[in-house]
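Commentary on secondary and tertiary structure
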Amino acid sequence: MLVMSRRTVLGTAAAAAAFGLSSKLEFMAPALAETSLEPVVGFYRYKVGNVEVTAIYDGIWRKPHDPAFIKNASIEDTKEALLKAGLTTEFMPIPLTVVVLKTGDRLIMMDAGSGIGQWQANATHLPANMAAAGIDYRKIGTVIISHFHPDHVWGLMEKGTNAPVFRDAELIVNADEYNWWTEPGRADKLAPARKDAGKRIAQVFPTWKNWRQVQDGAEVAPGIRLIAAPGHTPGHSVFLVDGGNEQLMVSADTMYVPALLAPHPEWQGTYDQDGPMAVASRCKLIDRVIADNIKICGSHFPFPGSGTFVKDGNAYVFTPTLQA
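These numbers were taken from a predicted model, which means no experiment stands behind them.

Quick look at the environment of glutamate 177
For glutamate 177, the location among the structural elements is in helix α5 (residues 175–182). You can call glutamate 177 buried: its relative accessible area is 0%. Considered as a pair, glutamate 177 and isoleucine 145 are 32 residues apart in the sequence and their alpha carbons are 9.6 Å apart. Beyond its immediate chain neighbours, meaning those up to four positions away, glutamate 177 contacts His147, Phe148, Thr233, Pro234, Gly235 and His236. Within the local environment of glutamate 177, its side chain forms a polar contact with the side chain of tryptophan 181, the two groups lying 2.9 Å apart.

Comments concerning the pattern of salt bridges
Two side chains with opposite charge may pair up if their charged atoms get near one another. One pass over the full model with this rule turns up 11 salt bridges. Measuring nitrogen to oxygen at the nearest pair gives 3.6 Å for the salt bridge that ties glutamate 52 to arginine 45. Using a relative accessible area of 36% as the deciding quantity, one classes arginine 45 as partly exposed.

Overview of the sheet that holds strand β12 (residues 295–297)
By way of backbone hydrogen bonds, the strands of a sheet pair with one another, either parallel or antiparallel. Taking strand neighbours across the sheet as the criterion, the seven strands line up as β8-β9-β10-β11-β12-β13-β14 in an open arrangement whose pairing is mixed. Edge positions in the sheet fall to β8 (219–221) and β14 (315–320), since each has one partner strand and no second. Neighbouring strand axes in the sheet, compared pairwise and without regard to direction, differ in orientation by 35° on average. Taken together, the four bridges between strand β10 (residues 237–242) and strand β11 (residues 247–250) define a ladder with antiparallel strand orientation. Directly across from phenylalanine 239, in β11, lies its bridge partner valine 250. The sheet contacts of helix α9 (residues 275–291) involve β9 (224–228), β10, β11, β12, β13 (306–312) and β14, and relative to β13 the element is tilted by about 95°.

Focus on the sheet that holds strand β4 (residues 106–110)
Reading across the sheet, the seven strands line up as β1-β2-β3-β4-β5-β6-β7 and stay open at both edges, with mixed pairing between neighbours. In the strand order of this sheet, the two ends are held by β1 (43–48) and β7 (211–214), each with one partner. Across the sheet, the axes of successive neighbouring strands diverge by a mean angle of 25°, strand direction being ignored. Packing against the sheet, α5 makes contact with β6 (170–174) and β7, and its axis sits at approximately 90° to β6.

Thoughts on the packing of aromatic side chains
With the rule as written, the count across this model stands at 17 aromatic pairs. An angle of 75° between the planes, with centres 6.2 Å apart, marks the rings of tyrosine 137 and phenylalanine 166 as edge-to-face. One end of the pair, tyrosine 137, is in the loop between α3 (126–132) and β5 (140–145); the other, phenylalanine 166, is in the loop between α4 (150–153) and β6, and 29 residues separate them in sequence. Judged on exposure class, the residue tyrosine 137 and its partner phenylalanine 166 are both buried. When the centroid spacing of 6.3 Å and the interplanar angle of 70° are considered together, the rings of phenylalanine 148 and tyrosine 178 count as edge-to-face. Here phenylalanine 148 is found in the loop between β5 and α4, whereas its partner tyrosine 178 is found in helix α5, with 30 residues between them in sequence. Here phenylalanine 148 matches tyrosine 178 in class, with each residue buried. The ring of tryptophan 154 carries arginine 200 above its face, with NZ or CZ at 4.5 Å from the centroid.

Brief notes about the nonpolar core
Formed by 61 residues in total, the largest nonpolar core has its most connected members in Leu101, Ile224, Met249, Leu260 and Phe309. Once residues within four sequence positions are removed from consideration, isoleucine 224 is found in contact with Leu101, Ile108, Ile144, Ala218, Glu219, Phe239, Leu240 and Val241. By size, the runner-up hydrophobic cluster in this structure holds 34 residues, among which are Leu107, Val153, Trp154 and Ala169.

Concerning the pairing of strand β2 (residues 51–63)
Most of β2 is tucked away: 11 of the 13 residues are buried. Examined bridge by bridge, β1 and β2 share six bridges and lie antiparallel to one another. Bridge pairing in β2 places tyrosine 46 opposite valine 53. The antiparallel hairpin formed by β1 and β2 contains two residues in its connecting segment, where glycine 49 sits at a positive phi of about 60°.

Comments concerning the confidence of the model for the protein
For the protein, per-residue confidence averages 89 on the pLDDT scale, and 89% of positions sit at 70 or higher. Predicted confidence for residues 1–35 stays below pLDDT 50, and this span has 82 contacts to residues more than four positions away or in other chains.

A few points about helix α2 (residues 75–84)
When we look at burial in α2, the residues that qualify are Thr78, Ala81 and Leu82. One face of α2 carries all of its buried residues, which in axial projection span an arc of 100°. Seen from the buried face of α2, the exposed residues on the opposite side, beyond 90 degrees, are Glu76, Leu83 and Lys84. Buried residues belonging to α2 abut β3 (92–103) and α8 (258–261).

Digging into unusual backbone geometry
A cis geometry characterises the amide bond from phenylalanine 303 onward to proline 304, with omega recorded as 15°. Among the secondary structure elements, proline 304 is positioned in the loop between β12 and β13. The backbone of asparagine 162 shows a phi angle near 65°, a positive value even though the residue is not glycine. Tracing the chain through its elements places asparagine 162 in the loop between α4 and β6.

Procedures and definitions
Residues numbered from 1 in each chain as written. Predicted model: local features only at pLDDT ≥ 70, side-chain atom pairs only at ≥ 80, totals over all residues. Heavy atoms only, no water. Helix = DSSP H or I, 4+ residues; strand = E, 2+ residues; numbered from the N terminus. Buried < 20%, exposed > 50% of the residue type's maximum accessible area, 1.4 Å probe, protein only. Contact = heavy atoms within 4.5 Å. Polar contact = N/O pair within 3.5 Å; in protein donor to acceptor, adjacent residues only side chain to side chain. Salt bridge = Lys/Arg side-chain N within 4 Å of Asp/Glu carboxyl O. Pairing = 2+ DSSP bridges. Axes fitted to C-alpha atoms, helices over the stretch in contact; angles between N-to-C directions. Phe/Tyr/Trp six-rings, centres within 6.5 Å; stacked < 30°, edge-to-face > 60°. Lys NZ or Arg CZ within 6 Å of the ring centre and 35° of its normal. Core = buried A, V, L, I, M, F, W, Y, C linked by side-chain atoms within 4.5 Å. pLDDT = per-residue confidence, 0-100. Arc of directions from axis to C-beta.

Pasting the structure below:
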């Protein structure tokens, strides 16, 4: 488990400027001694063959326990799973990590994070941690999106104005995902809690000209292939990165809280739009990762957002990577 520590972060104006955001936006420095889930350093770099991977910590959602969070499990069940994984049971810990890949001189960002002050109060650290990692957002030429949930795409837009942060980057997404969210009248059909997000997506994303919509199996960048993994959302996708002698599966939200879903892959989250389909995608993907000895990272794995899975009967055992 990671040890809590004081961290140095950029101030409001500097952090905002580092990510192309207005200095008027609120930047919330991480509270000291929050939980042992907070990393000592907000970025972590490793290699997958010839690809350099930088995991960047955006923050954590300390989600209050909710009996609806897992449709087919109780709060007591989820607390027991957290306890067995050595995690806090005071709340549901959902950290958020964004990955940037460097292939040659090309920078590719996998999802865009939650944006400063746009998702959760404790998930505001991506700009400062990206700057600390020496990554200039203006040099990112491609942003590949797994799905359109706010914690993955609000970082594409400035708070308040909805102006694009990555003005010159190519934005790549599964066409099924883009078309579902932007279908006329879609936002009106969403559950009340999702209507505002749906309206924002429908109003803003179609006005941008730098989207590239692709299909399942497409090579979205050299050595990076999109694999459809629907269920969490209709067009939810993961990405297989080929580093030559090694591979990495960027699994997004397929196994979003491994402490719960590794031992109980049949559990369906309230944010899984199609629960049974999400379960099928989850098991298919993790079985492939294990069988083919593929490295894996996930958006909501404990920071630095990677680890290993092994089969345990009809379930799995997850061992998180510990930050060096």
